[in-house]
2 protein chains.
Amino acid sequence: MTAFDALGHLLGPRFSTTLAARKQNAGNEAHYDEVLPDAVAFPESTEEVAEIVRICAAHGVPIVAFGTGTSLEGQHLAVNGGISLDFSRMDKVLEVHAEDMNVVVQPGVTRKQLNEELRATGLFFPVDPGADASLGGMAATRASGTTAVRYGTMRENVLALEAVMADGSVIRTGSEARKSSAGYDLTHLLVGSEGTLGLITELTLKLHGQPEAVAAATCRFDDVAAAVDCVILTIQSGIPMARIELVDEMMVRGFNLHSGTTMPEKPHLFLEFHGAPDAVREQVSSFREIASDAGAQGWQEAETTEARTALWSLRHGALPAIGALDPRPGKRTYSTDVCVPISQLAEAIAAARAEAETRALTCTIVGHVGDGNFHCGLRFDPADPAEIAEVLAFSGALAKVALRLGGTVTGEHGIGLGKQGYMDAEHGAAVAIMRRVKTAFDPQAILNPGKLLPPES
Amino acid sequence: MTAFDALGHLLGPRFSTTLAARKQNAGNEAHYDEVLPDAVAFPESTEEVAEIVRICAAHGVPIVAFGTGTSLEGQHLAVNGGISLDFSRMDKVLEVHAEDMNVVVQPGVTRKQLNEELRATGLFFPVDPGADASLGGMAATRASGTTAVRYGTMRENVLALEAVMADGSVIRTGSEARKSSAGYDLTHLLVGSEGTLGLITELTLKLHGQPEAVAAATCRFDDVAAAVDCVILTIQSGIPMARIELVDEMMVRGFNLHSGTTMPEKPHLFLEFHGAPDAVREQVSSFREIASDAGAQGWQEAETTEARTALWSLRHGALPAIGALDPRPGKRTYSTDVCVPISQLAEAIAAARAEAETRALTCTIVGHVGDGNFHCGLRFDPADPAEIAEVLAFSGALAKVALRLGGTVTGEHGIGLGKQGYMDAEHGAAVAIMRRVKTAFDPQAILNPGKLLPPES
Ligand SMILES: Cc1cc2nc3c(=O)[nH]c(=O)nc-3n(C[C@H](O)[C@H](O)[C@H](O)COP(=O)(O)OP(=O)(O)OC[C@H]3O[C@@H](n4cnc5c(N)ncnc54)[C@H](O)[C@@H]3O)c2cc1C
Ligand SMILES: Cc1cc2nc3c(=O)[nH]c(=O)nc-3n(C[C@H](O)[C@H](O)[C@H](O)COP(=O)(O)OP(=O)(O)OC[C@H]3O[C@@H](n4cnc5c(N)ncnc54)[C@H](O)[C@@H]3O)c2cc1C
């Protein structure tokens with residue numbers, strides 16, 4: 001029996017080799033070409049995942065986990081063929097432990113779905129990458145987003161995992177206890193491993209209390225340097241910002257074009273404060289003092305829940321809004337992210353802008369700047385090799401800047417296909433150790449081959 | 001040339017096989033017998049550590065890292081012979097990055113030394129296991145302590161590491177950036193690995209702003225159940241407690257005997273609140289409301305810095321104070337810790353007390369209860385096999401309780417020698433993966449052999 005026969009036998013109609021099914025998991029929201037997997041499998045249980053892995057292992061068939069396919073470095077693309085293991089049918093919230101502020105979910109649950117289901121509990125799951133990604137995919141890419149400055153990334157919010165190993169064995173890592181010193185931290189090894197070490201089949205996630213009071217606001221600055229200075233001082237002063245997002249003037253122009261807003265085309269900060277009522281008032285007033293010293297203008301508070309939602313949908317619409325800046329048909333957006341120590345943020349952003357200007361690229365800068373993390377969005381023509389080369393050269397230059405300033409080549413989008421070339425520069429001798437870890441977990445290299453680690457030279 | 005000749009050649013008088021030197025690293029503050037290493041090495045640089053490892057690897061000599069020797073599960077004892085690699089001469093604070101709120105230290109720096117050196121910066125390092133442990137040892141055991149409920153454990157506060165691998169290669173993990181999605185998280189794999197995967201030669205640690213306002217207080221309850229209820233409600237209500245420590249009536253008696261205090265012999269909570277002034281006032285008043293509903297009495301605020309210091313030295317003197325409860329000469333204290341989901345804390349503590357009563361053991365309970373973590377301190381006679389057996393049986397029963405309630409067999413003291421027997425029960429199939437990790441890092445098994453992983457059966 002071939003592997004595909006066995007998988008068909010196991011899953012029936014939930015295993016498909018049709019072009020339609022394959023095409024659904026072949027695309028991406030970034031700049032990579034479509035890559036068709038050989039087949040798609042839709043397991044409904046951990047046992048099925050384990051059996052799929054055993055079958056694939058026996059036949060040497062690559063397995064590429066698929067959450068919602070929103071990753072931006074091609075992580076979910078089956079570049080070495082094999083099956084796309086699609087978690088969309090494992091989408092149950094299994095247990096809400098309100099008293100312990102945690103939740104047990106299947107990996108295909110998306111973050112919006114989770115927060116919908118939690119609404120009545122007074123609790124929420126904070127990690128917010130904008131896209132409605134799956135929690136399995138978010139764990140696998142160590143995702144973060146606008147609220148990480150306050151609530152942490154997936155690294156801080158995954159308590160425990162269940163995962164299927166490359167030989168089909170099923171392990172559990174971590175527990176519901178908030179901390180443990182019992183052995184090697186396999187949870188954090190799987191978080192961020194991009195499906196190359198194991199398949200996450202269940203997650204126990206930390207929840208947080210819905211804040212008693214929330215304030216959200218925007219303000220603008222004459223230039224990015226002033227906005228960044230304000231951010232640095234705010235973080236250093238210890239104000240526990242829930243969100244502090246930079247949106248540069250080019251991005252504001254994109255918002256205005258895309259959403260019909262009429263914001264002054266200046267760098268803005270988008271802000272949110274969480275806490276008990278007095279604490280929020282105190283935070284807002286401390287922030288406003290720092291901001292006005294830094295030259296902030298146009299303080300606009302979003303007074304209602306609706307206004308707040310509008311503010312954050314605007315921010316989360318950055319990717320399509322970049323398109324509005326250069327709407328020639330066929331163009332795409334290249335999105336790259338780096339993260340630096342906060343003291344280096346102004347320099348990193350200035351370097352990014354200079355690099356874009358030199359190369360005459362349309363470049364927006366938005367960022368989770370409270371973490372020192374920012375994104376550059378560049379429009380380019382995928383049919384034009386010169387434009388592709390220019391965009392990649394920009395990204396390489398930015399990666400170098402981030403490393404020179406003591407940072408990392410990716411704060412949240414991950415390595416996938418696109419950033420393998422910087423692994424040696426960032427990690428040096430540690431790459432050899434990462435290879436040993438990969439071999440220890442997946443000696444046959446069937447789990448998402450061709451990702452995260454650069455080819456051995 | 002023998003390994004010891006080569007080490008003597010490398011280190012001169014900083015390599016010693018004298019009984020006096022060996023004896024210094026042979027003891028422990030827990031219940032383990034003294035174990036003499038064959039020799040002690042005192043490196044002063046990463047290069048020396050790497051060279052020591054290369055020599056030991058070539059000769060198959062075990063290497064047991066030694067910080068300050070305060071670990072409680074025998075982690076630092078050279079049970080398979082070899083050298084004790086003592087980091088006490090690598091005790092420099094290398095760089096303070098106040099603007100980025102981090103610090104780069106050598107592993108032999110102790111936490112008190114670090115906070116002393118940071119005093120003028122307005123920043124502090126929060127992880128506080130009571131003992132003045134080394135930061136390398138604290139990372140290696142994934143230590144935490146009284147402030148973890150607010151500031152996290154070593155897991156959350158180590159940003160980056162330099163480490164020497166078992167083959168003498170030197171790697172760097174992580175960076176000064178607050179987050180990264182670039183590859184496998186080797187930092188968190190080394191944190192908590194008890195010197196079995198690599199030797200930490202440099203740490204970059206997160207710092208926190210010294211709180212603008214601090215309030216500390218104690219209050220008491222009629223019984224432990226009421227105190228624990230108060231803790232659970234406090235955590236669930238989202239009050240960002242800086243410290244919330246349970247001290248049971250037996251422990252209070254110990255304090256009174258040991259320190260001459262005259263506290264009512266009732267369960268107490270020891271509390272600390274950090275934040276901006278209004279926020280602290282708000283926290284205190286919210287807490288007091290919850291506490292008084294739970295039956296708290298005798299609210300005592302520590303108004304001055306001195307009073308606060310006295311309060312926490314009393315708490316941190318728990319280990320010697322247990323001794324006062326049963327001062328027969330030659331007796332020792334067995335200290336064990338477990339951690340459970342907070343909703344299970346009352347049940348776990350009740351089970352511990354019942355278990356101690358059944359066995360007629362003198363048992364104190366203190367705990368970092370905001371994390372669901374507590375410690376039992378038991379007096380026993382190390383010369384009496386029956387008493388030893390009783391104490392170990394208690395610990396085994398408590399470990400079982402913790403696992404039944406969804407927790408972990410150790411929240412912070414680690415596995416070392418003492419808790420290997422519970423690794424299979426806690427981790428199941430994941431133990432096999434941990435073994436593969438160990439082999440990938442240290443194929444010769446020269447790094448702290450005999451620790452953390454149970455012997456293969
Ligand atoms: C508009 C937009 C905005 C974005 N903003 C952010 C942002 O602010 N912050 C951020 O961090 N990211 C951001 N991203 C990137 C993306 O949302 C994240 O990388 C997300 O975590 C991907 O989740 P997914 O479910 O789509 O995973 P996929 O793309 O399906 O998969 C991602 C990787 O995880 C693996 N994987 C998926 N599920 C599992 C599993 N169960 N077990 C093991 N491996 C698995 C896949 O094999 C793949 O390697 C953005 C993307 C878009 C399109
Ligand atoms: C009174 C008292 C109270 C305590 N309270 C707490 C508490 O509240 N919370 C808590 O977490 N712990 C507590 N402990 C335990 C102890 O303080 C911690 O385990 C501490 O982290 C040990 O640090 P150390 O420097 O003494 O390490 P050591 O005991 O010297 O070594 C511990 C382990 O780490 C390894 N190691 C040491 N340095 C390195 C290095 N540089 N690289 C690699 N491996 C290394 C050693 O090989 C060993 O396996 C307490 C201990 C005492 C005596």
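Nothing here was measured: the structure is a model prediction, and the numbers come from that model. (Residues numbered from 1 in each chain as written. Chains lettered and ligands numbered in written order. Predicted model: local features only at pLDDT ≥ 70, side-chain atom pairs only at ≥ 80, totals over all residues. Heavy atoms only, no water.)

## A look at the overall build of chain A
So, step 1. The helix and strand tally for chain A stands at 17 helices and 18 strands.
So, step 2. Here chain A has a C-alpha radius of gyration of 22 Å; the compact-globule value for 457 residues is 23 Å, and the two agree.
So, step 3. Counting over 457 residues, chain A shows a buried share of 62%.
So, step 4. Taking contacts inside chain A between residues at least 6 apart in sequence as the whole, the part at least 24 apart equals 72%.
So, step 5. Across chain A, the mean location of the 37 positive side-chain charges is 2 Å away from that of the 57 negative side-chain charges. (Helix = DSSP H or I, 4+ residues; strand = E, 2+ residues; numbered from the N terminus. Rg over C-alpha atoms; globule rule 2.2 N^0.38 Å. Buried < 20%, exposed > 50% of the residue type's maximum accessible area, 1.4 Å probe, protein only. Contact = heavy atoms within 4.5 Å. Lys, Arg positive; Asp, Glu negative; His and termini not counted. Charge placed at Lys NZ, Arg CZ, Asp CG, Glu CD.)

## With respect to the relation of the copies chain A and chain B
Relating one copy of the chain to the other requires a rotation about an axis plus a shift along that axis.
So, step 1. Between the two copies, chain A and chain B, the superposition gives an RMSD of 0.0 Å; the rotation angle is 180 degrees and the shift along the axis is 0.0 Å. One copy is carried onto the other by what is essentially a two-fold rotation axis. Relative to the rotation axis, the closest C-alpha in chain A is found at A279 of chain A, a distance of 2.5 Å.
So, step 2. The fraction of interface residues of chain A whose copies in chain B are also interface residues reaches 100%, indicating that both copies meet through the same surface. (Least-squares fit on C-alpha atoms with pLDDT ≥ 70 in both.)

## Quick word on the interface of chain A and chain B
So, step 1. The interface is formed by 73 residues belonging to chain A together with 73 residues belonging to chain B.
So, step 2. Of the roughly 5,800 Å² buried between chain A and chain B, counting both surfaces, carbon and sulfur atoms make up 57%.
So, step 3. Considering only the side of chain A, the residues that lose the most area to chain B are K179, S181 and Y184 of chain A, jointly responsible for 17% of the buried surface there.
So, step 4. Along the contact surface separating chain A from chain B lie six salt bridges.
So, step 5. We note a salt bridge from E412 of chain A to K179 of chain B, for which the minimum N-O separation is 3.2 Å.
So, step 6. When residues of the side of chain A that touches chain B are assigned to their parent elements, the largest contribution, eight residues, is made by helix α17 (residues 430-441) of chain A. (Buried area = accessible area lost by both parts, 1.4 Å probe. Salt bridge = Lys/Arg side-chain N within 4 Å of Asp/Glu carboxyl O.)

## Some remarks on the environment of V431 of chain A
Residues and elements named next belong to chain A.
So, step 1. In this structure, V431 sits in helix α17.
So, step 2. Placed 22 residues apart in sequence, V431 and L453 show a C-alpha to C-alpha distance of 7.8 Å.
So, step 3. When sequence neighbours within four positions are dropped, the list of residues in contact with V431 reads M423, D424 and L453.

## Examining the UniProt feature "domain: FAD-binding PCMH-type" (unreviewed entry) in chain A
So, step 1. Cross-referencing UniProt, the feature "domain: FAD-binding PCMH-type" (unreviewed entry) maps to residues 33-210 of chain A in the present numbering.
So, step 2. In residues 33-210 of chain A, helix accounts for 24% and strand for 25%; the two terminal C-alpha atoms are 40 Å from one another. (UniProt positions renumbered as here; feature names shortened; annotations may be inferred.)

## Regarding the environment of F125 of chain B
All names here are of chain B.
So, step 1. With respect to the secondary-structure elements, F125 resides in the loop between β7 (123-124) and α5 (135-141).
So, step 2. When its relative accessible area of 1% is taken as the criterion, F125 is described as buried.
So, step 3. Once residues lying within four places of it in the same chain are set aside, the contact partners of F125 are L114, N115, L118, L135, M138, M154, N157, L205, K206 and L207.

## What to know about the side chain of T147 of chain A
So, step 1. Relative to the helices and strands, T147 of chain A resides in the loop between α5 (135-141) and α6 (148-151).
So, step 2. Not counting residues within four places of it along the chain, the set of residues in contact with T147 of chain A comprises P126, V127, D128, G152, A242 and R243 of chain A.

## Quick word on the domain arrangement of chain A
Residues and elements named next belong to chain A.
So, step 1. Examined at the domain level, chain A breaks down into domain 1 (3-86), domain 2 (93-209), domain 3 (213-319) and domain 4 (326-419).
So, step 2. Counting from both sides, the interface comprises 15 residues of domain 3 and, opposite them, 16 residues of domain 4.
So, step 3. Both faces combined, the contact of domain 3 with domain 4 buries some 1,400 Å², and carbon together with sulfur accounts for 68% of it.
So, step 4. At the boundary of domain 3 with domain 4, the tally comes to two salt bridges.
So, step 5. Two residues, E249 and R353, come together in a salt bridge whose shortest N-O distance is 3.0 Å.
So, step 6. Linking domain 3 with domain 4 are six residue pairs in polar contact (both at pLDDT 80 or more).
So, step 7. Looking at the side of domain 3 that touches domain 4 residue by residue, the class counts come to eleven nonpolar, no polar and four charged. (Domains from an automatic or database assignment. Polar contact = N/O pair within 3.5 Å; in protein donor to acceptor, adjacent residues only side chain to side chain. Nonpolar A, V, L, I, M, F, W, Y, C, P; charged D, E, K, R; others polar.)

## Re the pattern of salt bridges
So, step 1. In total, this model carries 59 salt bridges over all chains according to the counting rule given.
So, step 2. Across the salt bridge formed by D371 of chain B and K179 of chain A, the nearest N and O atoms sit 3.2 Å from each other. Placement of D371 of chain B in the loop between β17 (363-368) and β18 (373-380) and of K179 of chain A in the loop between β9 (170-174) and α8 (186-190) is noted, with the two residues assigned to different chains.
So, step 3. When its relative accessible area of 8% is taken as the criterion, D371 of chain B is described as buried.
So, step 4. Look at K179 of chain A and you get buried, because its relative accessible area is 2%.
So, step 5. Its salt-bridge partner being R328 of chain B, residue D326 of chain B comes within 3.2 Å of it at the nearest N-O pair.
So, step 6. Taking the relative accessible area as the measure of exposure, D326 of chain B reaches 10% and is therefore buried.

## A closer look at the packing of aromatic side chains
So, step 1. Going through the model one piece at a time under the given rule, you end up with twelve aromatic pairs over all chains.
So, step 2. Plain terms: the ring middles of F4 of chain A and F15 of chain A are 5.3 Å apart, the flat faces sit at 70 degrees to each other, and that makes the pair edge-to-face. With F4 of chain A in helix α1 (residues 3-11) and F15 of chain A in strand β1 (residues 15-16), this residue pair connects regions lying eleven residues apart in the sequence.
So, step 3. Since its relative accessible area comes to 11%, F15 of chain A is described here as buried.
So, step 4. Aromatic side chains F124 of chain B and Y151 of chain B sit 5.4 Å apart centroid to centroid with 85 degrees between the ring planes, which places their arrangement in the edge-to-face category. Of this pair, F124 of chain B sits in strand β7 while Y151 of chain B sits in helix α6 (residues 148-151), and the two are 27 residues apart along the sequence.
So, step 5. Taken together through their ring pairs, the aromatic side chains of F255, F270 and W312 of chain A make up a single cluster.
So, step 6. When the ring centre of W312 of chain A is taken as reference, the NZ or CZ atom of R243 of chain A above it lies at 4.6 Å. (Phe/Tyr/Trp six-rings, centres within 6.5 Å; stacked < 30°, edge-to-face > 60°. Lys NZ or Arg CZ within 6 Å of the ring centre and 35° of its normal.)

## Remarks on the site of ligand 1
Residue and element names in this part refer to chain A.
So, step 1. Close contacts around ligand 1 come from 35 residues, with A65, G67, T68, P129 and S134 the closest.
So, step 2. Relative to its free-state accessible area of 980 Å², ligand 1 is covered by the protein chains to the extent of 95%.
So, step 3. Of all the elements, α5 adds the most residues to the shell around ligand 1, at five residues.
So, step 4. Split into classes, the residues belonging to the shell around ligand 1 amount to 14 nonpolar, 18 polar and three charged. (Near = heavy atom within 4 Å. Areas by Shrake-Rupley, 256 points an atom, 1.4 Å probe, with all protein chains shown as cover.)

## Thoughts on the site of ligand 2
All names here are of chain B.
So, step 1. Contacts to ligand 2 come from 35 residues, most closely from A65, G67, T68, P129 and S134.
So, step 2. Taking G67, its main chain carries an N or O atom lying 2.7 Å from an oxygen atom of ligand 2.
So, step 3. Here ligand 2 loses 96% of its free accessible area of 980 Å² to cover by the protein chains.
So, step 4. Elements with a minimum of two residues in the shell around ligand 2: β3 (63-66), α5 and β10 (199-206).
So, step 5. Among the elements that take part in the shell around ligand 2, α5 stands out by supplying five residues, more than any other.

## Digging into the environment of M101 of chain A
So, step 1. By the secondary structure assignment, M101 of chain A is in the loop between β5 (93-97) and β6 (102-105).
So, step 2. Measuring from C-alpha to C-alpha, the distance between M101 of chain A and H208 of chain A comes to 6.4 Å, with 107 residues separating the pair along the chain.
So, step 3. Discounting chain neighbours no more than four positions away, the residues touching M101 of chain A are L123, R178, L205, K206, L207, H208 and G209 of chain A together with I235 and Q236 of chain B.

## Remarks on helix α3 (residues 46-59) of chain B
All names here are of chain B.
So, step 1. A rise of 1.5 Å per residue sets the reference length of α3, with its 14 residues, at 20 Å; its end C-alpha atoms lie 20 Å apart and thus fit the reference within 8%.
So, step 2. Turning to α3, its buried residues number three or more, namely T46, E48, V49, A50, I52, V53, I55, C56 and A57.
So, step 3. With its phi angle positive at about 65 degrees, G60 sits one or two positions after the end of α3. (Expected span 1.5 Å × (residues − 1).)

## Considerations on the sheet that holds β3 of chain B
All names here are of chain B.
So, step 1. The four strands lie next to each other as β1-β2-β4-β3, forming an open sheet whose pairing is mixed. Whereas interior strands pair on both sides, the edge strands pair on one side only; in this sheet they are β1 (15-16) and β3.
So, step 2. Relative to strand β4 (residues 83-86), β3 is paired through four bridges, and the arrangement is parallel. Within β4, the position partnered with F66 by the bridge is D86. (Pairing = 2+ DSSP bridges.)

## Describing the pairing of strand β16 (residues 332-339) of chain A
All names here are of chain A.
So, step 1. Taken across its eight residues, β16 has seven buried, putting it largely inside the fold.
So, step 2. Sheet topology places β16 next to strand β18 (residues 373-380); eight bridges connect them, and they run antiparallel. Looking across to β18, one finds that S335 is bridged to G377.

## Overview of the side chain of K451 of chain A
All names here are of chain A.
So, step 1. Position of K451 relative to the elements: it lies in the segment after α17.
So, step 2. The charged side chain of K451 is buried without a salt bridge, its nearest counter-charge being E194 at 7.4 Å.
So, step 3. From its side chain, K451 meets the backbone oxygen of Q75 in a polar contact 2.8 Å long.
So, step 4. One polar contact links K451 to N448, side chain to side chain, over a distance of 2.7 Å.

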